[in-house]
Amino acid sequence: MTDSAPGTLVVIGNGMVGHRLVEILRDSSWRIVVFGEESRPAYDRVALSSYVDSWSSADLELTPLTGCELRLGEKAVSVDRERRVVVGASGVEVQYDALVLATGSVPFVPPVPGRDLPGCHVYRTIDDLDEIRATVEAADRPGRHSGMVLGGGLLGLEAANALRGMGVSPHVVELAPRLMPIQVDDGGAGLLKRLVEKLDLTVHTGTSASSIERDGTRLIAKLANGVELDLDVVVFSAGIRPRTDLDLGLELGPRGGYLVDAACRTADPRVFAIGECAAVEGVAYGLVAPGYAMAEVVADQISGGSKVFPGADVSTKLKLLGVDVASFGDAHATTEGALEVVVNNAVAGTYSKLVVSDDARTLLGGVLVGDASSYLSLRPLVGKEVPAALLQPGGAVDVEMPADAQVCSCHAVTKQTVTDAIQSGVACDIAELKACTKAGTGCGSCVPMLKKLLTECGVEQSKALCEHFTYSRAELFEIVRATRLTTFTSLIEKHGTGRGCDICKPAVASILASLGNGHILGESQASLQDTNDKFLANLQRNGTYSVVPRIPGGEITPEKLIVIGEVARDYGLYTKITGGQRIDLFGATVDQLPEIWRRLVDAGFESGHAYGKALRTVKSCVGTTWCRYGVQDSVGLAIELELRYRGLRSPHKLKSAVSGCARECAEARSKDFGVIATENGWNLYVGGNGGFTPRHADLLVSDVDTEELIRIIDRFLMFYIRTADRLQRTSVWLEGLDGGLDHLREVVVEDKLGICADLEAAMASHVSDYADEWRGVLEDPEKLARFTSFVNAPGTPDPTISFRAERGQRVPVQLGIPEVVR
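Computed from a prediction, not measured in an experiment: that's the story for all the values here.

1. Quick word on the pairing of strand S25 (residues 350-356)
Right, on to step 1. Taking burial as the measure, the seven residues of S25 include five buried ones, the bulk of the element.
Right, on to step 2. Direction of pairing for strand S24 (residues 339-345) relative to S25: antiparallel, over a ladder of seven bridges. Bridged to Asn-344 within S25 is Tyr-351.
Right, on to step 3. Counted along the chain from S24 to the antiparallel partner S25, the turn is four residues long, and its residue Gly-349 has a positive phi close to 75 degrees.

2. Comments concerning unusual backbone geometry
Right, on to step 1. Despite not being glycine, Ala-333 shows a phi value in the positive range, around 55 degrees.
Right, on to step 2. You can see Ala-333 is positioned in the loop between strand S23 (323-329) and S24.
Right, on to step 3. Judged by relative accessible area, which is 18%, Ala-333 ranks as buried.
Right, on to step 4. Not every positive phi belongs to a glycine, and Lys-438 is a case in point at roughly 75 degrees.
Right, on to step 5. With respect to the helices and strands, Lys-438 occurs in the loop between helix H9 (430-437) and helix H10 (447-456).
Right, on to step 6. Lys-438 gets classed as partly exposed once you look at its relative accessible area, which sits at 28%.

3. Notes on the packing of helix H1 (residues 16-25) against helix H6 (residues 288-301)
Right, on to step 1. Interaxial distance between H1 and H6 falls to 9 Å at its minimum, and their mutual angle equals 35 degrees. Pair H1 / H6 crosses with right-handed handedness. Only Val-288, Gly-291, Tyr-292, Ala-295, Glu-296, Val-298 and Ala-299 of H6 make contact with H1, whose side of the interface consists of Met-16, Val-17, Arg-20, Leu-21, Ile-24 and Leu-25.
Right, on to step 2. When the residues that make up the contact of H1 with H6 are grouped by side-chain class, the tally is ten nonpolar, one polar and two charged.

Rules behind the numbers
- Residues numbered from 1 in each chain as written.
- Predicted model: local features only at pLDDT ≥ 70, side-chain atom pairs only at ≥ 80, totals over all residues.
- Heavy atoms only, no water.
- Buried < 20%, exposed > 50% of the residue type's maximum accessible area, 1.4 Å probe, protein only.
- Helix = DSSP H or I, 4+ residues; strand = E, 2+ residues; numbered from the N terminus.
- Pairing = 2+ DSSP bridges.
- Axes fitted to C-alpha atoms, helices over the stretch in contact; angles between N-to-C directions.
- Left-handed = near helix turned anticlockwise from the far one by under 90°.
- Contact = heavy atoms within 4.5 Å.
- Nonpolar A, V, L, I, M, F, W, Y, C, P; charged D, E, K, R; others polar.

The following block contains the structure:
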C-alpha cells in the first residue's frame, strides 16, 4: 500500500491460502482480522481424504494463527467498498484499510435431475465428509455399500478413495474419455484405470449421469450410456468454480474469479484477491502452490514492496489410491513441433512420457504413472537442456539438478536456497531445513529431494547406537546373529568400547531375546533390561506395578474372568479394561507379583508382555461369529496371530488388530500390522500406529488367503526386527526405509533379496521355542529371589507406597489428597 502507516487488514477466508498470508504478516504492524465461515481453524484440504483414516479434524489442522483476530464461524455477507467496511453474518462491521479476498472455490455440481436428493453430497470440506459418513452408516444394505463419484479427475479419485475408507465400493463416472484428463494423457490414463480397478473401483469413462432417483432407501443413478447403478451414496466431485458470491461490483475473469493484475490487486486499489477465487490477469488456478505465491505477492505489496505474481507451476505429484501419478510442464505436448518419448511397461505397471522440443534438446514436460520416483529430478529440468541419457531406452533419470531449479513448488524454494542453508551450517537435517527455508512444509512431496541434497552436501546423520557402539541397531543385530555371541560383555569387548549405557544395554538385550537366547531374566540378559523387563510388569507412578495377562483376541471365558476378579479383590488391585481388549490390574508390589502370577498361570493365563518391547495385543471385532456385516472369522485369526507372535522381542512394541469387514471396528489400520477381511480373503496393512504422532498403515497385499497372510506377516516382522533402529516403531521405520513401501513389498512379498526363507525359518524358531516368562520365573528359585521389596526383610510392605479411594477402587495417593491404609 502507498499509505504511510498500516491500519486494518481484513482477510475474507480462512483456508490454506488465507492462512498462509496471515502467517507471513503475523509479525507486521497491521491489525489483521480474518473472517472464517467454517467453525474450525484452517486445515489441510489437500489431505482431506486422510480425514477418513482417523475422523480427527485435529490431524489436518494447520499451525494455529497468532497475531490476528480470527472470527471463526463468521461468514462475511457483504462489503461496502465506499465505506471500506466488511459486514459479518452476525451483524458485526469491520472497517478496513486493505481487504484480501481468499474465499476459495465451490464444488461444481452438474445439473443432473435428482442431485438434491438425500444421499447426494459434494466433496469439499470436513463437514461434507461427516455428512457422507452419516449417509453410509445409515444405509440399510447387507455387506459392502455402493457409491458413485461423479468426476474422474484428481478430486474425484480422492473422493473415491475416501469412500473406500468408509467401506464403500465406488463407481467413478467421468465425462471425458479418460481419468484425470487434465493431468495425464491417454496412455497414462489407460494404465491408471487398470491399476485402480484392481482396488475395488469401477470406472465409467466417456459418459455422465443423466438422472438420480430415489428407490426406497436406495438411490438409482442412470448413466447416459444406459447403465443403471444401485447406490447408497452419491458424491459430486466434478471440479470447482471460483467463489465470487460476494457482490463487490468488481470485474470477473473470463472463467470466473475476481480479476486481478500481476500484483493480485483488483480494480479497487485497496482490494486484493488470492487463491482459487482470483483470476490473475484473467487466469484462475485450482492448486495450492499458486495460491501461496499470490499470498507472498500481496504480503509484499501491502508492506510497500513491488513483488508480482511470477506465474504458476501447475506440476502435480500425488499418490491416488496407492498409485503414483505425476505430470509436469507441457504434459500434453501442445507446443508446436513437440516430440514424445514414451515407455509403457504394462507388465511392471508403469508408464512414462517425456515431451521434448523438436530438436530433442529441451525438456518440455512429462507424465509418470505407476512409478513417479523420477519426478523430483525431472520437473526442475523443464525448459532446460535435456540430458541425452534420458532419451535412451532405460535411460537414467537421476540427473544433476541446476542450482536455480525449484525444489519446493509450494513455497518456491530453489535448490540454491536449500544448499546454501546446508553448507552454511544453518540446517543439518530435514527439520532444520523446513524451519529455515519452508521447503517440505507444504504438500511434502519434496522431502525426499531434501534428504538427497543433504547427502550431496556431505551431511551424514550418525548411525551409531550410542557412544559405546559405532554400529546401528540393525548392524549389531547382524553381528550378533553371525557371530553367535550370547552376552553383552562379549559383544562390547569385540565390537564396542567401554562398559555400556542405558541406551545400548536394553537394545542389545532385545537383540539377544529376539534371537532366542533363553529367558529374559536369564544370566545373559537380566542385568541389561529396563525396569519393566526386569520385573516382567509395568512400573507405575507410585512405585507399584501393573499386571496384564494375555487375552488373545479379547476372547475370555467366564471362569477366567472370575479368576481375574478374585485376584484383583484379594490383592486390592485397581482394575481397568484397556484399549487393546485386555484387563489391567494396577497396584501390585514387587513381592506380590509372583503370588499374583501363580494364581493367574494356574487358571490358564500367561504374560501379556505389556512391559516389553514385544507384541502387545491383536485386537479384534466379533467377525462372522456374531456380526451381520462380517465376512471372515476375525476372532479366530486374531487369536491365531496373537498366539503365534506372543513374546516376540522387537525394537519397539508391536500392536495389531483384525477387522472382520471394511467397517473396521477393530481399528486395524492404526496398528503396526493390521488385517481387514474382504469377500476374497484378507488385506494386510503395515506401518501404522497411534500415540504422539499417529500414522495410518499402508496396504501391503490384498485378498490373500490365511496361509499366505501369515507367511507375509512372518517375513514382515522378522525383516523389521532385523533392520529397524533402537526404539523405532514400524511406522517410522517404514517411512525411513529406502524405497519405502514398494521396497518392503519387493523384499517380503516378491522375495527380491532372496531372504524370505530365512525370515520364515527365524519366525518358526521363535514359535517353536516360545515359553511363558511368568511361568519361567515361578519355576526358578533364583529368578523368584529377585521379587522382594526388601532383601533383609522379605514380604515386608514398602512403607512409601500408599493409596486413596476413588470410585470404589484404590488409586495412588497424590499430594494434598488423604490416603487410606494400605
